[in-house]
Amino acid sequence: MHIVETSWQGGPARLGGLLAEVVGAADEAGFDLISVADHVWVHPIIGGPLKNHLEAYTALSYIAAHTRRVRLLALATAASYRAPGLLAKMVTTLDVLSGGRAMLGIGSGDYPEEAAGLGLRFPERAGERFDLLEETVQACLAMWEGERGSEQAFRGTHIQMDRPLNLPQSLSRPHPLILIAGSGEKRTLPLVARYADACNIRPSPEIPRQLELLRRLCVDAGLYYDAIEKTAPFAFDVGEEGSKVEELIGRLRWLASMGIETVFGWVVGVDSIKPIEIMAREVIPAAAELRPAA
């Protein structure tokens, strides 16, 4: 389940209790992951900055306390928003406190207006953002090395760390799983092949071609393509009283036929809990039977 905004019934005074109910229900329903959009403003495609949205890692810590089994991640952290050492420490803390359930979801960023609005770093050139993304992943891996982080200073073009010490170290070994989000064929997918345990690509008819490119990149790098979890964002709209369940299952079947294994779904109307109950009863069992095409 993916939480993209929290302009829910009852307003901020009710939000904490309602969020606990929602994520607890999703955990019990059989969702595999809960992700939170890592924005400080709601993205324009969801409704824009005047809607409510929580800071991702604070929210994920709260969600961890109200769930038992789901994996947890931000989808997706803009690499430029947090210092890499701090980011690795935040994901490590989430991993330790959740019992080893944290992932790092990261990308190059796509919302310059929010960055400018709140004074966050956001390089103007896309090439610089991707360079920073790669260095950030490298720096996080240095923090997660061994029992306490790398003993060597990290020296990159954009990132400098004198001592990548990380105690306590993450419970997930050798490190929290890394998801790199985006469908870009020149920079994003090559980074997925080199560093990531999961991709997250847009749901479109281009998926088979993009996954075939990812396969070739893995082969060229001597890496194991099948070990990468293939994911996509989507909307889970079950409709009034489940009227759209069959349509939704059909769309999930379409994604699976193209090679998608995991869907990060925004459950439409989630603040009423009822859509989660319908998902648990009708959609999740059907989705469990789907297998990506070979």
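Keep in mind that what you see is a predicted model, and the values were worked out from it rather than measured.

Caption draft 1: Local environment of the overall build of the protein chain. Each helix and strand in the protein chain was counted, giving nine helices and eleven strands. Considering only C-alpha atoms, the protein chain reaches an extent of 55 × 45 × 35 Å along its principal axes. Taken across its 294 residues, the protein chain has 52% of its residues classed as buried. Taking the contacts inside the protein chain whose residues are at least 6 apart along the sequence as the reference set, 69% of them involve residues at least 24 apart. With the model as given, the accessible surface of the protein chain reaches about 13,400 Å², and the carbon-plus-sulfur share is 54%. Across the protein chain, 29 positive and 37 negative side-chain charges occur, with their mean positions spaced 3 Å apart.

Caption draft 2: Highlighting the side chain of arginine 101. Counting through the fold element by element, arginine 101 comes out in the loop between helix H3 (84–97) and strand E5 (103–107). Of the buried charged residues, arginine 101 lacks a salt bridge, with aspartate 27 as the closest side chain of opposite charge at 5.3 Å. In this structure the side chain of arginine 101 is engaged in a polar contact, spanning 3.1 Å, whose partner is the backbone oxygen of alanine 64. From its side chain, arginine 101 meets the backbone oxygen of valine 70 in a polar contact 2.9 Å long. Ignoring sequence-local partners within four residues, the contact set of arginine 101 consists of Ala64, Thr67, Arg68, Arg69, Val70, Arg71, Leu72 and Asp95.

Caption draft 3: Examining the nonpolar core more closely. In terms of nonpolar packing, the biggest core is built from 80 residues, with Met1, Phe31 and Ile180 touching the most fellow members. It is helix H5 (residues 126–143) that contributes the most residues to this core, eight residues altogether. When residues no more than four places from it in sequence are discounted, the contact partners of phenylalanine 31 are Met1, Ala26, Arg69, Val70, Phe236, Val267, Ile276, Met279 and Ile284.

Caption draft 4: Expanded view of the pairing of strand E11 (residues 262–267). Of all six residues in E11, five are buried, a share of seventy percent or more. Pairing of strand E10 (residues 229–236) with E11 involves six bridges; the strand directions are parallel. Bridge pairing in E11 links phenylalanine 234 to glycine 265. Between the parallel elements E10 and E11, the chain passes through helix H8 (residues 245–257) in a crossover that is right-handed.

Caption draft 5: Spotlight on the packing of aromatic side chains. Tallying each qualifying case throughout the model produces two aromatic pairs. Judged by centre distance (6.5 Å) and plane angle (40 degrees), the ring pair of phenylalanine 31 and phenylalanine 236 falls under tilted. With a gap of 205 residues between them, phenylalanine 31 in the loop between helix H1 (12–29) and strand E2 (33–36) and phenylalanine 236 in strand E10 connect regions that are remote in the sequence. Accessibility expressed as a relative area gives 6% for phenylalanine 31, which makes it buried. Residue class for phenylalanine 236 comes out buried when judged on its relative accessible area of 6%. A centroid spacing of 6.2 Å and a plane angle of 75 degrees characterise the contact between tryptophan 41 and tyrosine 111, whose relative ring orientation is edge-to-face. Taken together, the residues span a long stretch of sequence, with tryptophan 41 in the loop between E2 and helix H2 (56–65) and tyrosine 111 in the loop between E5 and helix H4 (112–118) at a distance of 70 residues. Overall, the relative accessible area of 24% leaves tryptophan 41 in the partly exposed class. One cation-aromatic arrangement involves lysine 230 over tyrosine 225; the distance from NZ or CZ to the ring centre is 3.8 Å. When the ring centre of tryptophan 254 is taken as reference, the NZ or CZ atom of arginine 251 above it lies at 4.7 Å.

Each value, and the rule that gives it
- Residues numbered from 1 in each chain as written.
- Predicted model: local features only at pLDDT ≥ 70, side-chain atom pairs only at ≥ 80, totals over all residues.
- Heavy atoms only, no water.
- Helix = DSSP H or I, 4+ residues; strand = E, 2+ residues; numbered from the N terminus.
- Buried < 20%, exposed > 50% of the residue type's maximum accessible area, 1.4 Å probe, protein only.
- Contact = heavy atoms within 4.5 Å.
- Areas by Shrake-Rupley, 256 points an atom, 1.4 Å probe, with all protein chains shown as cover.
- Lys, Arg positive; Asp, Glu negative; His and termini not counted.
- Charge placed at Lys NZ, Arg CZ, Asp CG, Glu CD.
- Salt bridge = Lys/Arg side-chain N within 4 Å of Asp/Glu carboxyl O.
- Polar contact = N/O pair within 3.5 Å; in protein donor to acceptor, adjacent residues only side chain to side chain.
- Core = buried A, V, L, I, M, F, W, Y, C linked by side-chain atoms within 4.5 Å.
- Pairing = 2+ DSSP bridges.
- Right-handed = clockwise from strand over helix to strand, strands pointing away.
- Phe/Tyr/Trp six-rings, centres within 6.5 Å; stacked < 30°, edge-to-face > 60°.
- Lys NZ or Arg CZ within 6 Å of the ring centre and 35° of its normal.

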